[in-house]
Each structure stands twice: as C-alpha cells, then as structure tokens.
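In case you want the letters, here they are:
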Amino acid sequence: MQISIKENSWLARLAAAKLRSPQVAMVLGSTIHLYGTRSVDFLKDQAWVCHELKHVQQFRQYGFTGFLLRYLVESVRKGYHNNRFECEARKAEQDRSLLQLFTIR
Ligand SMILES: [Zn+2]
C-alpha cells in the first residue's frame, strides 16, 4: 500500500503547538504529515515510522471519519498518552514487519 509524506504541514504544526513538541508526525488517512523534521530524517527512525504506520492501519481499519471520531473520543476520555490507539502504536514501534506492508514515496 502506498503512503505519502507531507513535509512542513500546517496541521502537524498545530499538533506540535498543542503537544508542545518541536517535532511532530501525524497521520491523516494514508498521508504522514510532518512538522519540524524532514522526511529523510523521519525515515531514518524506524521505530517512529512503524508508530505512524500503525496509525495508517488504524485509519484503514475504522475508515477515515470512523477512526478520527474514535481517536477523538479516546483522547477526551484518556488524554494523549493513554489513548488506546497511541498505546497500540507505541507497541508497534518494534514491529518492523509493518515496513514491508507499505511503500513510502
Ligand atoms: Zn501516535
């Protein structure tokens, strides 16, 4: 499955401000939005890439709005860190098999 990367994304910039993080990657559908990092540097960090690829899978599992709604509800109830989709993505950081499932261009 093909994934694309958008550097210097304004959406990722908003997320960076909200999370008070200098570098942010966020997934919307099958696009990884980056802020504060270049795609070449992001791709070197396999754990980070696997984390975001898990979010791509979550989008595919629940559908675009289906996932966004669930993610939002989880965030409101449990915050960012304990959000079950984030827990799942953190576990996936060691799952290098995810790298075989996607082509990033
Ligand atoms: Zn995440």
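Further up the page is the structure itself.
Residues numbered from 1 in each chain as written. Predicted model: local features only at pLDDT ≥ 70, side-chain atom pairs only at ≥ 80, totals over all residues. Heavy atoms only, no water.

A.B. asks: Is there a simple way to think about the coordination of the zinc ion in this case?
C.D. replies: For a metal with four tetrahedral donors the ideal donor-metal-donor angle is 109.5 degrees, while six octahedral donors give ideal angles of 90 or 180 degrees. The protein atoms donating to the zinc ion are His51 (NE2), His55 (NE2), Glu86 (OE) and Glu86 (OE), with metal-donor distances spanning 2.0 to 2.7 Å. Metal-centred angles of 52 to 149° between the 4 donor atoms at the zinc ion mark the site as irregular. One chain supplies every donor to the zinc ion, and in sequence these donors are spaced H-x3-H-x30-E. You can see His51 and its partner His55 sitting in helix α3 (residues 46–62), 4 residues apart, about one turn around the helix. Judged by relative accessible area, His51 falls into the buried class, the value being 8%. Take His55: its relative accessible area is 6%, and that puts it in the buried class. (Donors = N, O, S within 2.8 Å, 3.2 Å for Na, K, Ca; no water. Tetrahedral: all angles 85-135°; square planar, octahedral: opposite > 155°, others 65-115°. Helix = DSSP H or I, 4+ residues; strand = E, 2+ residues; numbered from the N terminus. Buried < 20%, exposed > 50% of the residue type's maximum accessible area, 1.4 Å probe, protein only.)

A.B. asks: It is not clear to me how helix α4 (residues 64–78) should be interpreted in this structure. Could you clarify?
C.D. replies: Structurally, the α-helix is built with 3.6 residues per turn, so residues lying three or four positions apart point the same way. Its 15 residues place the ends of α4 21 Å apart at the C-alpha level, agreeing with the 21 Å of an ideal helix rising 1.5 Å per residue. Every buried residue of α4 is listed here: Gly66, Phe67, Tyr71 and Glu74. Viewed end-on, α4 has its buried residues packed into an arc of 125°, placing them on one side of the element. Across α4 from its buried face, at more than 90 degrees, point the exposed residues Thr65, Leu69, Leu72 and Val76. Close packing links the buried residues of α4 with α3 and α5 (84–91). (Expected span 1.5 Å × (residues − 1). Arc of directions from axis to C-beta. Contact = heavy atoms within 4.5 Å.)

A.B. asks: I would appreciate a short explanation of the sheet that holds strand β4 (residues 103–104) in the present structure.
C.D. replies: Note on sheets: strands pair through backbone hydrogen bonds, and any given pair is parallel or antiparallel. The 4 strands are arranged β2-β3-β1-β4 in an open sheet whose pairing can be described as mixed. The two strands at the open ends of the sheet, each matched to only one other strand, are β2 (24–28) and β4. Note: β2 against strand β3 (residues 31–35), 5 bridges, orientation antiparallel. Pairing of Val24 across the sheet is with Tyr35, part of β3. Across the sheet, helix α1 (residues 10–19) lies against β2 and β3, angled at about 125° from β2, the strand it touches most. (Pairing = 2+ DSSP bridges. Axes fitted to C-alpha atoms, helices over the stretch in contact; angles between N-to-C directions.)

A.B. asks: Honestly, the layout of surface pockets in this entry has me stumped. Any pointers?
C.D. replies: To find leftover empty space, one rolls a probe the size of a water molecule over the atoms. Looking at the largest pocket, its volume works out to about 900 Å³. What lines the largest pocket is a set of 30 residues, among which Ala15, Leu19, Met26, Tyr71 and Tyr80 lie closest to the centre. In terms of residues, the lining of the largest pocket owes the most to one element, α4, which gives 8 residues. Of the residues in the lining of the largest pocket, the class split is 19 nonpolar, 7 polar and 4 charged. (1 Å grid on protein atoms, 1.4 Å probe; cavity = no way out; pocket = protein on both sides within 12 Å on 5 of 7 lines; lining within 4 Å. Points joined across faces, edges and corners; volume = space filled by probe spheres on them. Nonpolar A, V, L, I, M, F, W, Y, C, P; charged D, E, K, R; others polar.)

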